[in-house]
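Coordinate inspection notes
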Number of protein chains: 2
Amino acid sequence: MPVLWPIDFLRRTPLQLEAKLSYVRQLTSPMTNPNHPFLAACRREKTPYTPVWLMRQAGRYMEEYRELRAKFSFLDLCKRPDLAAEITVTPVERLGVDAAILFADILLLLEPMGVPLEYSSEDGPLIHRPVRTGADVDRLKEFDPEKSLSFVFDAIRKSRAALNGKVPLIGFSGAPFTLASYLVEGGGSRSYVHTKRLMYSDPGAWRTLMERLSQAIVEYLNAQITAGAQAVQIFDSWVGCMSPEDYQQYVLPHTRATIRGLTQGIPVIHFGTGTAGLLKLIRAAGGDIIGLDWRVNLDEAWEQVGYDVGIQGNLDPAALLAPPDEIRRKVAAILRRAGGRPGHIFNLGHGVLPDTPVEHVIAMVEAVHELSAR
Amino acid sequence: MPVLWPIDFLRRTPLQLEAKLSYVRQLTSPMTNPNHPFLAACRREKTPYTPVWLMRQAGRYMEEYRELRAKFSFLDLCKRPDLAAEITVTPVERLGVDAAILFADILLLLEPMGVPLEYSSEDGPLIHRPVRTGADVDRLKEFDPEKSLSFVFDAIRKSRAALNGKVPLIGFSGAPFTLASYLVEGGGSRSYVHTKRLMYSDPGAWRTLMERLSQAIVEYLNAQITAGAQAVQIFDSWVGCMSPEDYQQYVLPHTRATIRGLTQGIPVIHFGTGTAGLLKLIRAAGGDIIGLDWRVNLDEAWEQVGYDVGIQGNLDPAALLAPPDEIRRKVAAILRRAGGRPGHIFNLGHGVLPDTPVEHVIAMVEAVHELSAR
C-alpha cells in the first residue's frame, strides 16, 4: 500500500514524529490493533462484544479445505507455508471470527525429535515406534526448532502478512502430557494404559520425558511468538484421563514449567477436555485464559478457577449439528453464564466436527456477536 | 445342610417360634445378613470396614474367565445361567470382595426389543441396524422380560444359591441414555454425533426412545429384584459426553423416571463416567449411592452431591497396573478423602482393565479392608 508523505513531515517535533512513524508502520506492516477485542479479552479488559473463534475453524467441514486436501496430504499442507497461510486466513474471511489460528498440528514438534508421524484419514495421528521405556526416552533427539520447523514460522509470517492486521494470529502446540500420551500410546487411546504404566512403574523415565517435551514446547512456542504469533494456546487435549492426584504429581509441574518458560506479555490459553474435576489444578499450572470443554457449566468453572484469569468456551461442537435457532439459544445460554464479565472468549469446547454445516458455524459467530453486543 | 430340630421346639411361644423359623430359614436358604457391610453402607450406616467390590470383577483379567471364554462366546456365557452364576461367584472367593455383581451385559435388554447385538472381541458391542429416526424408534418391540430374558433371572437365582448368603448380589442395567447412545451410534463412539443430532433435530423421537428404554429398564430391573438381586446399579457409562444443560433437558427426566419406577427398599447405585461437571444433576436424577469415576476428588464430589446419599468409587482402573505399594498408597488417599464417613463403598472408577494382574486386585481389596478397619 503506497504511503503519502505529507509536506509538513519535517516540521514535526520528535514526539509528533514518533506518533507519525507508528501510524505509518500500521499502514505498511501487518500490525494488529493492540485493543482488538480478542487481545483485550485476553487481558480481561472490556470489549464491545465477546470475541469468538473456533478450534479447528480451518478443517474438513469447509469445502475450501476439502479441495486442498484432495490434492495434498495433511502433513504436506502443514509443510507448505503458502498453503498453510491460505488455510489459516480463509475462515477469518468466511466466518467473521475474531482470531486466526495457525494451520498446523499439535504434534509437529515430535518429528524433529526423531519420531515420524503418520496421519491416517480415520484414526488420527499414528506413531509406529512408540516410546515406552527409559531407553526409548533417551533416544529422543535434541531439536533446533528454527532449523527443523522453519516451515511453521514461515507460515506464521505469511499468515500475518495475509491477515494484514485484521485479526490476531494464535500459535499453538500440544502440552507435555498430551504429547507424551501420543508418544507412549502410539496414537489416540481410550484408557491410556501404556502411559499410566510408564508413569507409575518408571517415574524417573516419565519425568525425563516430560522435561524434554516441556523444554521443546517452550522453544517451539517462543519461536512461533518471534515469528509473529500474538497469543498461544497449549492443547492438553487428553489430560482429562487423569485423576486429580495423578495430575498434580505427574503433569502439573511440567505444564507449569512450560507456561513459565514462554515469552512474557503474550497471552497463553491453557486448554483441555474432560477437565471438570481438574480445573483448580489446571489453573494452578498457569495460563491467562483457561479453555473449557462443554461438559461443565461455564459460570461454575469460572468461579472455580477464579476471576483473575479469563475463560474460553464452551459450546458442544455437536451443538452445531442442531438447527440454527437451537444454536442461537445455546449461544445465549453460554453468554448468560459468562454474564458479560470481561475476559470471556467464546469458542467450542473442542474442534469443529467434520459433518458440521458451514452455515451453522456462521450462524453461531453471528449469534455471539449480536447477543453479546454491549 | 441338615437342620437339627431340638426336642423343645413345640414348647415355644409363637414369637419364639417365629424367631426360630427365621433362624432355620437362614440355615436352609441363601439369606444374606441385612447388616452385611455392603448393604449397611448402602443405607449409610456405620460398618466395621469400608466394603469394596469392583466393576467387571469377573472379566478377562482373570484366568478362570479366560478359560471359559476360550470355549464360549460372551453372549453364550450370559445366556447359560449355570456358567453365568459360576462367573458371578468366582471373584467373591478369589478376591474377597464384599459384593457379587451378576455376570451379564448392560445392553442385554436390547435384543428382546428387536435389536440384535454382536460382541466383537476388539470393538465391544456392535449394533448393525442402528436406530436413527422416529420410524426406527417405532419399530422397537414391546418386550416381556420374564419371557425373553429368563436366563438372567435364572442366573440370579443360581448365583444367590451359590453365594449362600456370603455377600449380597447386585443386579444391573444400562441407563436410558447409555442404551440410547448405543442404539443410535451402533456401538461405542467418540463424539456421539448421531445421538446428539437425533436429540436436537427430532426431540419428539428422542423422548419416545428414552421413555421406551426407561420403561423397559424398570421392568427388567424389578424382575431382577424379584429373582433375588439385593441392590441394583444403573450404568450411565457414556453420559459424560453431555453438557450439563443437555443432560438436564434430554436425560435427567428419563433417568429419574427409571429410578422412581424401581421396587422400593432396594438400594440403587447410579453410576456414570466423565461426570465431574454433572454431579448435582445426576444426584437430582436419583439413586441412594452415586458412583464416581476417578477424574474427580471423592471428597469434593461427595460435598457436591450432598451427604444424604452415599458415594461409590473411585480408584483409576489403570492404578491397578502400578506396583502394589503404590496401589496401597492410592487406596489410602481415597479412604482419607472419604474420611470414614458412613456410606462410602470402595470401587474402581470404571471396569477392571484386561491387563490387570489379579494379585494387584487382591492387594487392593486387602488394602481397603485393612486401612479402613474401625
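Okay, so let's go over this structure. Note that this is a predicted model, so its numbers are computed, not measured. (Residues numbered from 1 in each chain as written. Chains lettered and ligands numbered in written order. Predicted model: local features only at pLDDT ≥ 70, side-chain atom pairs only at ≥ 80, totals over all residues. Heavy atoms only, no water.)

Turning next to the relation of the copies chain B and chain A. By a simple turn and slide, chain B fits onto chain A: the slide is 0.0 Å along the axis, the RMSD is 0.0 Å, and the turn is 180°. The transformation relating the two chain copies, once decomposed into turn and shift, fits a two-fold axis. Distance from the rotation axis, computed per C-alpha, reaches its smallest value in chain B at B:Ala276: 2.7 Å. Comparing interface residues between copies, 100% of those in chain B also lie at the interface in chain A; the contact surface is shared. (Least-squares fit on C-alpha atoms with pLDDT ≥ 70 in both. Contact = heavy atoms within 4.5 Å.)

Residue and element names in this part refer to chain B. When you tally the buried positions in strand S5 (residues 231–236), you get 6 out of 6 residues, the bulk of the element. With 5 bridges connecting them, strand S4 (residues 169–174) and S5 associate as parallel partners. The residue of S5 that forms the bridge with Ser173 is Ile234. What joins S5 to strand S6 (residues 268–272) is helix H12 (residues 244–260), and the crossover it makes is right-handed. (Buried < 20%, exposed > 50% of the residue type's maximum accessible area, 1.4 Å probe, protein only. Helix = DSSP H or I, 4+ residues; strand = E, 2+ residues; numbered from the N terminus. Pairing = 2+ DSSP bridges. Right-handed = clockwise from strand over helix to strand, strands pointing away.)

The subject of this paragraph is the sheet that holds strand S6 (residues 268–272) of chain A. Residue and element names in this part refer to chain A. Read from one edge to the other, the open sheet built from 7 strands follows the order S1-S4-S5-S6-S7-S8-S9, with strand pairing classed as parallel. Each edge of the open sheet is held by one strand with a lone partner, namely strand S1 (100–101) and strand S9 (344–345). Along the sheet, helix H11 (residues 203–227) makes contact with strand S4 (169–174) and strand S5 (231–236), crossing S4 at roughly 170°. (Axes fitted to C-alpha atoms, helices over the stretch in contact; angles between N-to-C directions.)

Our next topic: the layout of surface pockets. Think of a ball as big as a water molecule: rolled over the atoms, this probe shows where empty space is left. Within this model, the second largest pocket holds a volume of roughly 520 Å³. Together, 22 residues line the second largest pocket, and A:Ala276, A:Lys280, A:Gln304, B:Glu300 and B:Gln304 are the ones closest to its centre. Listing elements by their share of the lining of the second largest pocket, those giving two or more residues are helix H12 (244–260), helix H13 (279–285) and helix H14 (298–305) of chain A together with helix H14 (298–305) of chain B. Per-class residue counts for the lining of the second largest pocket are 8 nonpolar, 6 polar and 8 charged. (1 Å grid on protein atoms, 1.4 Å probe; cavity = no way out; pocket = protein on both sides within 12 Å on 5 of 7 lines; lining within 4 Å. Points joined across faces, edges and corners; volume = space filled by probe spheres on them. Nonpolar A, V, L, I, M, F, W, Y, C, P; charged D, E, K, R; others polar.)

So, about the pattern of salt bridges. For side chains of opposite charge, pairing can occur when their charged atoms come near one another. The full count for this structure, using the stated rule, is 36 salt bridges over all chains. Note that A:Glu245 and B:Lys330 form a salt bridge whose closest N and O atoms lie 3.7 Å from each other. Residue A:Glu245 is found in helix H12, and its partner B:Lys330 is found in helix H15 (residues 324–338); the two belong to separate chains. With a relative accessible area of 4%, B:Lys330 lands in the buried category. One salt-bridge network, held together by shared partners, links A:Glu245, A:Asp246, B:Glu326, B:Arg329 and B:Lys330. (Salt bridge = Lys/Arg side-chain N within 4 Å of Asp/Glu carboxyl O.)

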